Amino acid sequence: MWLIKVFAIYLTAVCADEDLEDVTFVPDVAPTKSRLMSTVIPAVYEPPVPTLQLQSDWLDVFPSEKVEFKCSVAGSSDWTLTWFRNAEEVQDSDPNVSLPADRSALTITAAAQTYSGLYSCKGRHKTKGVTTAASNSLELTVNAKRPKPTQDRSLKFDKLFPGESVTFTCRVTESSGWEYLWYHNGSEIQAANSDTYTINSIDHPNSGQYHCKAKRGKGPFYTEESEKTTLKVSDPPKPSLRLLTPWTDVFEDETVGFRCEIDSSDWMFTWYRNRVQIQDDSVFSLDEWEPSLNITSINQAFQGGYACKVHLQSRVSSGFSNTVDVTVYKNKPKPTLSKNPGFNPMYVGETVNFTCNVDVSTGWEYQWHKDGRYLPETNKTISIHLNPSSGGKYSCEASRSETTGTDVSEKITQEVLEIPAPSVKQLQPWLDVFPGESVKLSCGMDGGSDWIYTWSKDGRLVQADNGVSFDSNGATLSISSASAAHAGQYNCKGHLRDRSVSRSSNSGLTLTVYDETPSITLMQDPDYQLMFPGESVSFSCHINVSTGWEYLWYKDNNLLNSGNKFTISHVRTTDRGLYKCEAKRGKEVFFNTSKAVRLEVEKKKPKPSMTQRPEVDKVYAGESLSFKCNVELSSGWKYLWYKDGTELRIISNSLNIQNASSSDSGLYECMAIRNNQMYSTERSSGQNLRISEIPVPSLTRQTPWLDVFPTESVKLSCGMDGSSDWQYKWRKDGQVVQADNTVSFDSDRTVLSISSASASHRGRYSCSGKLKSRSVSSNFSSGLTLHVYDSKPRVILTQSPSHSVMHTGDGVSFSCHINVSSGWEYLWYKDGSLLTESGKNYTITSVRTKNTGSYKCQTKRGSHAVLHSDQSQVVRLDVQERPQASIILLTGWSEVFSTDSLVLKCGVQESQDTWNYTWFKEDQPINMLPSEKYTVTPQNDPEQSQYTCRGIRTGRPSYSKNSEKLKTKNLLVKRRVLLSISGLIFFGIIGVFLACIVLRLVRKPVVDEYKPEETDLFLTMSQLKERDDAPCPLVQYITDAALNSSSKEVNENGTVCSETTPLPIASEEDQAVTAESHDATENNGGLVSFQQ
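Let me begin by describing the structure that accompanies this report.

### What to know about the pairing of strand β52 (residues 577-584)
Each regular strand carries side chains that alternate between the two faces of the sheet. Both strand β49 (residues 550-555) and β52 contribute to a ladder of 6 bridges, which runs antiparallel. Looking across to β52, one finds that Glu550 is bridged to Lys584. Looking at chain direction, β52 and strand β54 (residues 597-601) are connected through 3 bridges and run antiparallel. If you follow Leu578 over to β54, its bridge partner there is Arg598. Sheet analysis places β52 next to strand β53 (residues 592-593), joined by 2 bridges and oriented antiparallel. Pairing of Glu582 across the sheet is with Thr593, part of β53.

As structure tokens, this is what we get:
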């Protein structure tokens, strides 16, 4: 039992708050046993954190709504809870705050926005006095006023119709958790608590006002009411069909119009015939928004009962309107028009009656037409007393309203004529005849055949005889063979058969009879005796008396064709020959022949020749020239001129150009035409005219420079590009240049030469050109200014860098400067001797000591008369050897068995300056700070590389030569082997020496004359010196080819040497070993003999 209590006390201590100050003692739990524990060590206790939960459904509320929070502490109920809003304690005295006895819940009545804030809670242990940390917080938002829902409906029309569906929507935008209530005319609608209310098929009882509101919570809490919406339900209107035209029985092609009338707007219309909907097609052009239906060209297929309906778009349709029955007759009636009497034509003064009759229907009114114009009469029958204006086409029609009528009757033409005057006509083409020709004259009344005629000549009645005859009604008078007796003026008179109407002709015809036959004239157009292929020619025959002649054409007496003209549109050589014509007329042929005309035709078109004056290839601006065009064959030519293919407005055989300009340049051609441009020759060969601006001569220098020194020569050249027909004139500073002792010209004054320049030749030179054979002069060229210096130029020699002393390997550059003119060649001297360098700069990239000396330069130019400048000042160059760096090995002989590294030291020989050093491995810089020493280890040099070093400093020279290369390969191993062999030899010698002594002491000499002579074990020094094959291990090692390589290594005292050189000794121990080796070497390199 006591174990259980101890465990309980331990758990209590573990869970205690870290602020706990009490010390808990363990009571005696077993009086019969000894106390196991008198006290419990205090434990840190951390109280739990309360949990705040929302018991209601929302944290944003409205006035009078309630919000409930619950606060709980896990694991115990021994806590007193305190509530906070915005970190301030909630007071129990607040009437809008409600707390139960255990204060685990907080109910807030949201009376005002001051209750908004962050709510939290804390717990305090009832017995321990421990206070927890604040719980999680919940933010409460209290809105200022109750929300007001917004109501909407799907159909927003002022008026709805039975059967339509409408949906109302109610929304509260603030917060959530709303249930919705719906009201109709103030009474709640028992419907689901949804935010929508739908009436699937409305009817009249659904009319009224609708509104909604929302609620939530257990209270519950209600929002304000929404705005009211009025729903009006009305029956669809019944349309009324009205006939717009005045009748229902119509004729085909008439127009019938209907109008579907309704009191309100926004309705669409559909039309029906015999209760079948009329569709929009090529006959009916329907507009669903148009209340009218027009049938513009009705036929029997449209007969029937017409009605209409109206539709509210996507909503409701009305019933049928009243029906209007339409009867359609197949055809419109056509009146019958009759006339009495039936004569046509009729004459002025007569009376005619017209009657119009319609067989279909009644009630017709009549309209009369004459030549398409309405007459004022409206009776069925009209009577007209004819006058000259009464003639025309008469028709009628009937109507029964302003818009409907019958067809127009057939037209009856009534001609009203004055009593006509007979007209006398000639039946043959001419009234001037020749003896023996026949003549026919006719007399007639226009439009009538009931007339008979009589004839008179010169006022006297003509009677039939042997030469004159008439036809049956006297309309034709015939003279079979004319004579002079038949000449005269003929008239006639007409009489209307069976009617007392007659009238004489107003004018007559005069018949002329010639005494003899006429002559004929042949003409050629154009009248050229020579024609060319492609030209046209016309021949015409003419008789200057009478008419009606027929002409026959002949070529070389062969008949060609007939006509008063004979035209050859494109003559050919086959058209050459003699042409003539004959004339005839009437059945009685009268022939007469013209004179013959010869036609000549060339074989091909002519080509004009064109010449130019003056005959030059190039014409300069301002000159005058002319072209002439000529065709040598035939005549009658006019000339056309062309420039670059475009016709010029010139028809003369010559083309003159005055004061030519560049715009006159081009290709000129000419062509000849004649016969009014119906025929043209070939174009002449083209003449290419190039009008050039008078060129400005080009002034150039033949010497390479225009700034010269006294006695130098100068040549200037003036020339025109590509032409040698010019001679030139020279000016200097505007004054003409004349030849003298120093100035000369060539033949055309093309080149100006100055043999020895002086100050008088200074100035600006220009030239102009003039054509040798024409008066053409150019402007002066642009000028060239010649400058003549007063003295020779000065030369300056500079050195870069400008150190007085250079070191081997440095680079140095000399520059020779001359600050005037150009074209210089440079001469270089060292210690007075000419060098091979010729440029402006003389550079020695890596100086050596042999470059020490005095340097100077000089310039020259010109090929014939060479001009030399004075020599420059002398610049002295001193070159010294660059100091040599060397590597010293600091690792001694005594350290070969105790280390794996080599310490190298770099130094500059024979230098007292302070140096820094850079190191190189296999010729690549080692990445390290400049240092005098460098340590080689197996880690940084596993390959055993070659090393060099270089000295660097800030003064001059700034760097030394690189040291000789040091190769570290097997250096330590060689030293270890060398020391080991030396030790073995040393101790071996001691051993042999001791052995010899012992042997001499132990052995006894035997005297035996027969005993062979003993060979000495050791050779004497003199014997050793006499032998050259005595072995020496140390020497063998040092000279061993396998151990030595061609590379150089560092010995102990740091000098670089080959392995065949004596090894210098740095330490005392090394010196001792070396001394012994030296003694051995002096004794022929072998062991020291004990027999001295």
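So much for the structure itself; the text now carries on.
### Considering the sheet that holds strand β7 (residues 105-109)
On the basis of which strands lie adjacent, the open sheet formed by 4 strands has the order β1-β3-β7-β6 and antiparallel pairing. Each edge of the open sheet carries a strand with a single partner, namely β1 (51-54) and β6 (97-98).

### Quick look at the state of the cysteines
Note: disulfide means a covalent bond formed between the sulfur atoms of two cysteine side chains. Following the criterion strictly, the structure yields 10 disulfides and no others. Residue pairing for Cys170: its cysteine sulfur links by disulfide to Cys212, the two sulfurs lying 2.1 Å apart. In this structure, the disulfide formed by Cys170 and Cys212 twists by about 75° around the S-S bond and is classed as right-handed. Here Cys170, found in strand β11 (residues 166-171), pairs with Cys212, found in strand β15 (residues 208-216); they are 42 residues apart in sequence, far enough to count as distant. Paired by a disulfide, Cys260 and Cys308 hold their sulfur atoms 2.0 Å apart. Residues Cys260 and Cys308 are joined by a disulfide whose S-S torsion is about 75°; by sign, that bridge is right-handed. With Cys260 in strand β20 (residues 256-261) and Cys308 in strand β24 (residues 304-312), this residue pair connects regions lying 48 residues apart in the sequence. Neither Cys260 nor Cys308 differs from the other in exposure class; each is buried.

### Quick look at the packing of aromatic side chains
On inspection of all chains with the given rule, the structure shows 33 aromatic pairs. Ring geometry for Phe62 versus Phe221: centroids 5.8 Å apart, planes at 5°, classification stacked. With Phe62 in the loop between β2 (60-61) and β3 (66-72) and Phe221 in strand β16 (residues 221-222), this residue pair connects regions lying 159 residues apart in the sequence. Each member of the pair, Phe62 as well as Phe221, is classed as buried. Between the aromatic rings of Tyr620 and Trp726, the centroid separation amounts to 5.6 Å while the plane-to-plane angle is 75°, which identifies the pairing as edge-to-face. A residue pair is termed long-range when its members are at least 10 positions apart, and Tyr620 in strand β56 (residues 619-620) and Trp726 in strand β68 (residues 726-732) qualify at 106 residues. This pair shows no difference in class: Tyr620 is buried, exactly as Trp726 is. Members of the aromatic cluster, joined through ring pairs, are Phe168, Trp182, Tyr197 and Tyr210.

### So, unusual backbone geometry
Along the chain, Asp525 connects to Pro526 via a cis peptide bond; the corresponding omega equals -5°. As for its placement among the helices and strands, Pro526 is situated in the loop between β46 (521-525) and β47 (530-531). Note the cis peptide between Arg613 and Pro614, where omega equals -5°. Looking at the element boundaries, Pro614 is found in the loop between β55 (609-613) and β56. The phi torsion at Asn86 lies on the positive side, around 55°, for a residue other than glycine.

The rules we used
Within each chain, residue numbers correspond to sequence positions counted from 1 in written order. In keeping with the predicted nature of the model, local features appear solely for residues at pLDDT of at least 70, side-chain atom pairs appear and are counted solely at 80 or more, and the whole-chain, interface and lining totals rest on all residues. Here the side-chain values reflect all heavy atoms present in the structure, with hydrogen atoms and water set aside. Strands are treated as partners if at least two bridges between them are detected by DSSP. The helix count covers DSSP runs of H or I at least four residues long, the strand count covers runs of E at least two residues long, and both are numbered beginning at the N terminus. Cysteine sulfur atoms that come within 2.5 Å of each other are treated as a disulfide pair. Three exposure classes are used, based on accessible area relative to the maximum for each residue type with a 1.4 Å probe and protein chains only: buried under 20%, partly exposed in between, and exposed over 50%. When two rings of Phe, Tyr or Trp (its six-membered ring) have centres within 6.5 Å they constitute a pair, described as stacked for plane angles under 30 degrees, edge-to-face for angles over 60, and tilted for the intermediate range.

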